[in-house]
Every structure is written in structure tokens, then in C-alpha cells.
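Fold and contact review
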Amino acid sequence: MRTGRGVLLAIIAALAAAPLPCAAMDDLANPGEADEGYRVESPDGRIDVEVGLSDSGQPQYTVSFDGAVVVEASPLGLYFASRIDLVSGMRIDRAERRSVDERWEQPWGERRVVLDRFNELTLSLSARGPDRRYRLRFRVYDDGLGFRYEVPEQNAYRSVTLTGETTTFRVSRDARAFSQPADAELRYEELYTESALGLLDRVSSPLALRLPSGVHLAIHEAALVNYPGFSLEFDPVNMLQTVLRPSSEGYRAKLEAPFATPWRTIQVADRAVGLINSSLILNLNEPNVLGDVSWIEPGKFVGIWWALHRGLWTWGGGERHGATTENAKRYIDFAAEHGFDGVLVEGWNRGWDGDWVSNAQFSFTEPYADFDLEAVARYARERGVRLVGHHETGGHMSYYAGQMEDAFDLYARHGVRQVKTGYVGPAGSLKRIDDNGEQHNEWRDSQFAVAHYQAVLEAAARRQISINTHEPVKDTGLRRTYPNWLTREGSRGQEFAVWGETPNPPEHEAMLAFTRMLGGPMDYTPGLFELEFEINGVPRRVQSTLAKQLALYVVLYSPVHMVPDLPENYLARPDAFQFIVDVPTDWEESIALAGEIGDYVVVARQERGGSDWYLGAITDEEPRRLSVPLDFLPEGRAYLAEIYADGEDAHWGSAPYAIDIDRGDGTELLTNEDTLELGLAAGGGAAVRFRPVPEADRP
Ligand code: NOJ
Ligand code: CA
């Protein structure tokens, strides 16, 4: 199998060697003229990008949407350690264009068929002498644009040390920004907040913006491979300046030319939901490099997990050890009885006793004495369920890397198809041991960590194992290239109901849908059924109604969703539980229908390989009435709607369990000409399953 870097190199080499057949080259009337500008439009003509040079010969780009500027002339460039910067004094030697209009299929995903349609402009730039050359490639789609730097091999750029990028996004300082701080202790697990762009400090991406005109933008990156991730810093001139994550030794990246940076992306939409409906990030990633991926299985899993967080059982050994053979078999039985695909078992391996975060010395092959891995895995297979593996590293990347081949071999031998990995520890403290045996602390978006996450993915893929990463690097759409990167955390999940000082507020998921989720799937663990409990005598609340817990399975996309609560909590509410049993995790099509960032969102999805549609609607702390036109349903069919809605007096604080379940039997069938009226409580939601009723069965 080729590595990601190998693939990138091959692509760059191919592009350099042979311009594509549909490429067109612009004749330059005045090749040396500094203010020469080149334009490229989206296929629908609404987004217009102009690229040119400033007076100092620095490349810059401007973006307009429907004729109005949304990103003002923003400077670009790369800095290197040996003063061979690619910033100013440049000239444009050549412009090439091409257009693509294709479709490709996802092996699993929020939609099966993805439209990949764009116009591309590639400018070749050079500065005095032949030895400072690079290309700027812009791709403009109907839903946004991406651009990247491509540095070919040349004398001055063989092995280079990158010290920075001057990529900027000059958007209005009055834009409303929906952001998360970049360098905080909790990694990507801080809350998102809304503020004026001019008040931002340094934030991580995806960053969602609402301009004063009402146009929505989201800034992020795609295909983060062998490069550090960026955060975005406000400065009064450039507005948003990218800051590449440094390594513990100060540099940003060590690179071998030829190389390309990840795509810098700007999603553009007139409505907030346009950001969710965009496929820009996926389209800017390379196609699948794993070949036949029929072994990758979306689905739902239960697990020895929530009882650990709730403090009922322990990860470490002893009397209350959770990961025992007996407990695992009970969860397997529960999964088999309700048609769930997997059972996650955390705390099965040695290393959890004592302070496992500081020690971070786990064995990934030795089970605790009361856990018979072989017997559990066999029992699961016999019952048609798979054991879901767990590798918590405590953030010690090098220690884990030394064991992971053996660890994946062991799981592969036992028929394990999915492994959840974890990198708990404060931000900026991932452990790297260098060739001299010295330990360094790295960030999860450093070049080193980015490469580590990818190496794990490749090692797993060699055994047909898929990965669900907790405490990951941000998602930049690599699931297209490596479809075994099923999902990840990388934001505050529901576990914050027990951890940390601030629980997730009711607006949290309506924020995530328009920010974190633009990167890709999240293992949020929706579906908590016990919403009030105590941890060490302290009362805790999940700030959600029961109906909203159901809606989250539809609203927050992930090809594997957990069914996290204790089995007895589901069995106590079988009517509501039925929705979790029914809801699929793999989709033919998905459409975000309505919503505003941090306020509410309504999403409809069609089951992959079936004709049922599902709908999820959630709100923040404000109760809302929503009229949802059902025009997304296919014409000429009648549907029975099973509706799980907040009860009349429902409220996340005072009546979280009040739910009205209407199975649709007694009510009229619905068609795509109808409108569904939904009442959402404070912190509430609604979940709906639409089942087509054949003509013959209609009353
Ligand atoms: C943090 C993860 O987010 C959580 O899901 C897991 O249970 C613990 N780490 C232990 O690995
Ligand atoms: Ca976590």
C-alpha cells in the first residue's frame, strides 16, 4: 500500500509532467506586470476568485459571492529557515485552467454519490532566478473554494525546514464568529462560543462565520498530511492569519520537495445549512488508496464504557473492574438481542491501575486476569456481534507506536474489526521519544502527531481494522483516502456530563453541527437515557430532553454511533429505545433543511440501501415551533411517520423525560406536499422515521 505522502508525491509528479487534456493555458500579455489578476469562477458563477500580485510582488486572492466581496485581497506565502522564502518579489509566469464535472461514490457516508464539480486555476510563480518557483492551485466549487501551495523540486528546495505560512483570510471584522480556542488545556474539547471576529484571539478550525450581509463562510483545511495543522489568529490588518503548529523544536515542518501543502478551504453559503450540505472538504481529499474496503462496517455499538464514566465500575483491576468476561458477555447478549453490531470493552488491558495519564505505560496485548479475550471475542462472533477493541495510549505516541503492530495482530486474530484509540493528556503533551531516547512534548496538530495518526491508520488497514480516534487531530476529510478512519472525537462529547466543571449547554450540539461537524464524523455518544444522576454525591445533569437524545443520531453524522447508556436504562424505556434500534448509520442522501448556528438545526437523511427517511431536529435553550416542508421525500409516495417528540411540558431542566411517541398508525399518511409541525422544548428535539406504505396497504 502506498503511504499518504507517496500518493501526494505521485499526484504532484503526474500534474507536473502532463497537463490534463482539458487544461487550457493563458497567454500572458505582460508577464512581469505586478498587478496582473486572474479570475476563476464557480461552475454556477456565484463565487468569483481573483488572484494576482500586490505592489511588492506578493500573491494575493480576493473572493466575491453574488458580486459582493466576502474575502478582501489576502496575502499568501511560505517562509523557510534558510531565507529562501516564497513570499514577495514574485512574478506570474503561467496560468493553467481546467474544469472537472464528475461524480464519485463513498463506500459509506452521509451520502452515497458526491458531485465533484469545479473550475481550477493554477498559477506558476517565480522570483529572480530560476530557483524560487512554486505553484498556487485554486479550485472553485459551487459550495466554496480551496487553494494550496505546490513546491516542485529545485536546487534551493530539496530538504527544507518550513518556519511559517502567511496565508490570510481578510473577512469583515464585524462578522460573527463561532469558534473554539486553539491552545487551551482541553485540546479540541472546549466549548464553542459566538463573538465578533474582531474579538477573537487564536482559534481552531473549522471556524464558522456569519458576515454582516448574512452570507456564511467556514474556514478550514483539507487533506492534512505530513504537515502541521493551522489555527487562526486575529490581527487588525490581515483579520485572520494562519498559525502553523510548531514542533517542540520550534520549526513548523521538515519537508522534501516536491511537496504540496494541505488545501486551505473556504466554504461559502447564503444560508447556514449550506455549510453542512457542502462536500468541499471531501472533494479536496485524494480518492481511496485502500482498494477493496468491503470489510469496513458502519453500525451501532454498545459497551463497557458509560458505567466506567459513571463511576459504577473501574477501568483498573480489582473488585469493581468493569472489563470482566462475565460483564462483556452480558453486553454481547444485550447487543445481539437488539441487533447492534459491536461491543466496546475499555479497561481490558494492563496499565490502568494508578495514575494512567501520567504513567501512560499500557500493555496493548496483555489482558487483566479476569478478562478472557479469546473467549469473549469467540462468544461475540457466535452471537453475530463483534468485539470493538480499545487502545488508550495516555498520549504516549512513541510507546504505543512500538507496540501497535503486535496489538493490531492480536485483535485481527480475534476477529476484531474496529478499534477505538485514545490520547488523553493535556494539550501539547503528546510524548515523542527521539532517536537519542530523549522525550519531547508535542501538540496533536504538529507534523509529528499528524504522521502518527496516519501511521496507526495504515497499520490498522493492513489488518482490515477501522479506527475511531479519541483525542485526535482535527478532521480534514482523510476518510475519503483512508475509509477505515471511521470516526473520531475531537470535540466535547456527552462524557462531559460527568467530567469537567461545565456540562455541555443546551446549545452545544446546534453549535457542533455547523462547526466541528464540517470536518467530518464525530463519536459523540448520543442516546443517554438517564439524564439526572450523581457522581461522588454531586448531582449532574445532561442538559437535554430524552427526545433530543434520539434526534442526535440523525443530526450528528457518524458511520458508527454508540448506544452508550446502561442496558437497564434502555430496557426501562422500550418505546423510546425503539428509535435507536431502528435508526441506521449509513445514508444514501443527507440534507440539512433549516437552522441557525448555535440555535437549532433540522436534518433529513435517507437510509442507504432502503427507502426509509429519518429526520432529526434539535434546539438550544429556546423552545421552538418548526414547520418542516416534507419536499425532500420522493414524489408520488405516501409515508407513515413515527414521531418521537418532546411532551407538552418537556424541558431539559424540569421535565427531561416527557416524550410523546406517535407510531403513525392512527394518523393520515404524509406525502412530499405536506408540512410537518414540530414543537421542540427548551433543550429539546424531535426524531422521526418515515416509512413508505405500498399502495396495496393503504387504507
Ligand atoms: C477519553 C475518551 O474520550 C473516553 O471515551 C474514554 O473512555 C477515556 N478517554 C478512556 O480511554
Ligand atoms: Ca475525550
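Residues numbered from 1 in each chain as written. Chains lettered and ligands numbered in written order. Predicted model: local features only at pLDDT ≥ 70, side-chain atom pairs only at ≥ 80, totals over all residues. Heavy atoms only, no water.

The residue Gln180 is located in the loop between β13 (176–179) and β14 (193–196) in this model. Of note is the side chain of Gln180, whose polar atom sits 2.5 Å from the backbone oxygen of Tyr188. For Gln180, the contacting residues outside a window of four places in its chain are Tyr188, Glu189, Glu190, Leu191, Tyr192, Arg202, Val203, Ser204 and Ser491. (Helix = DSSP H or I, 4+ residues; strand = E, 2+ residues; numbered from the N terminus. Polar contact = N/O pair within 3.5 Å; in protein donor to acceptor, adjacent residues only side chain to side chain. Contact = heavy atoms within 4.5 Å.)

Around ligand 1, a shell composed of 13 residues is seen, among which His309, Glu346, Glu392, Lys420 and His470 lie nearest. Within the side chain of Lys420, one N or O atom sits 2.7 Å away from an oxygen atom of ligand 1. In isolation ligand 1 exposes 300 Å². Once the protein is present, 95% of that is buried. Of the residues assigned to the shell around ligand 1, the class counts are 4 nonpolar, 3 polar and 6 charged. (Near = heavy atom within 4 Å. Areas by Shrake-Rupley, 256 points an atom, 1.4 Å probe, with all protein chains shown as cover. Nonpolar A, V, L, I, M, F, W, Y, C, P; charged D, E, K, R; others polar.)

Let's shift gears to the domain arrangement of the chain. Here the domain parsing of the chain yields domain 1 (5–283), domain 2 (285–490) and domain 3 (519–533 + 541–699). Each of domain 2 and domain 3 was reduced to a C-alpha centroid, and the two centroids are 30 Å apart. At the interface, 27 residues of domain 2 touch 29 residues of domain 3. Where domain 2 abuts domain 3, roughly 2,500 Å² becomes buried across the two surfaces, and 65% of that area is made up of carbon and sulfur atoms. (Domains from an automatic or database assignment. Buried area = accessible area lost by both parts, 1.4 Å probe.)

Judged by side-chain charge, Glu648, Asp649, Asp660, Asp662 and Asp665 come together as a negatively charged surface patch. Inspection of the secondary structure assignment puts Asp660 in strand β39 (residues 659–662). (Patch = residues over 30% accessible without salt bridge, like charges linked within 9 Å, V, L, I, M, F, W, Y side chains within 5 Å. Salt bridge = Lys/Arg side-chain N within 4 Å of Asp/Glu carboxyl O. Lys, Arg positive; Asp, Glu negative; His and termini not counted. Charge placed at Lys NZ, Arg CZ, Asp CG, Glu CD.)

On to the coordination of the calcium ion (ligand 2). Working reference: metal with six octahedral donors, ideal angles 90 or 180 degrees; metal with four tetrahedral donors, ideal angle 109.5 degrees. Those protein atoms acting as donors to the calcium ion (ligand 2) are Glu189 (OE), Glu471 (OE), Glu489 (OE), Glu489 (OE) and Glu495 (OE), and they sit at 2.3 to 3.0 Å. The site at the calcium ion (ligand 2) holds 6 donor atoms, and with the angles between them running 51 to 157°, its shape is irregular. Written as a sequence motif, the donor arrangement for the calcium ion (ligand 2) is E-x281-E-x17-E-x5-E. Placement of Glu189 in the loop between β13 and β14 and of Glu495 in the loop between β30 (485–488) and α10 (508–512) is noted, with a sequence separation of 306 residues between them. (Donors = N, O, S within 2.8 Å, 3.2 Å for Na, K, Ca; no water. Tetrahedral: all angles 85-135°; square planar, octahedral: opposite > 155°, others 65-115°.)

Ranked by size, the top nonpolar core spans 181 residues in total, and within it Tyr61, Leu217, Leu240 and Phe408 carry the most contacts. It is helix α9 (residues 447–461) that contributes the most residues to this core, 8 residues altogether. For Leu217, the contacting residues outside a window of four places in its chain are Val70, Val71, Val171, Leu207, Ala208, Leu209, Leu211, Ile266, Gln267, Val268 and Leu275. Counting residues in hydrophobic clusters, the runner-up holds 23 residues, among them Leu593, Tyr600, Ala617 and Tyr639. (Core = buried A, V, L, I, M, F, W, Y, C linked by side-chain atoms within 4.5 Å. Buried < 20%, exposed > 50% of the residue type's maximum accessible area, 1.4 Å probe, protein only.)

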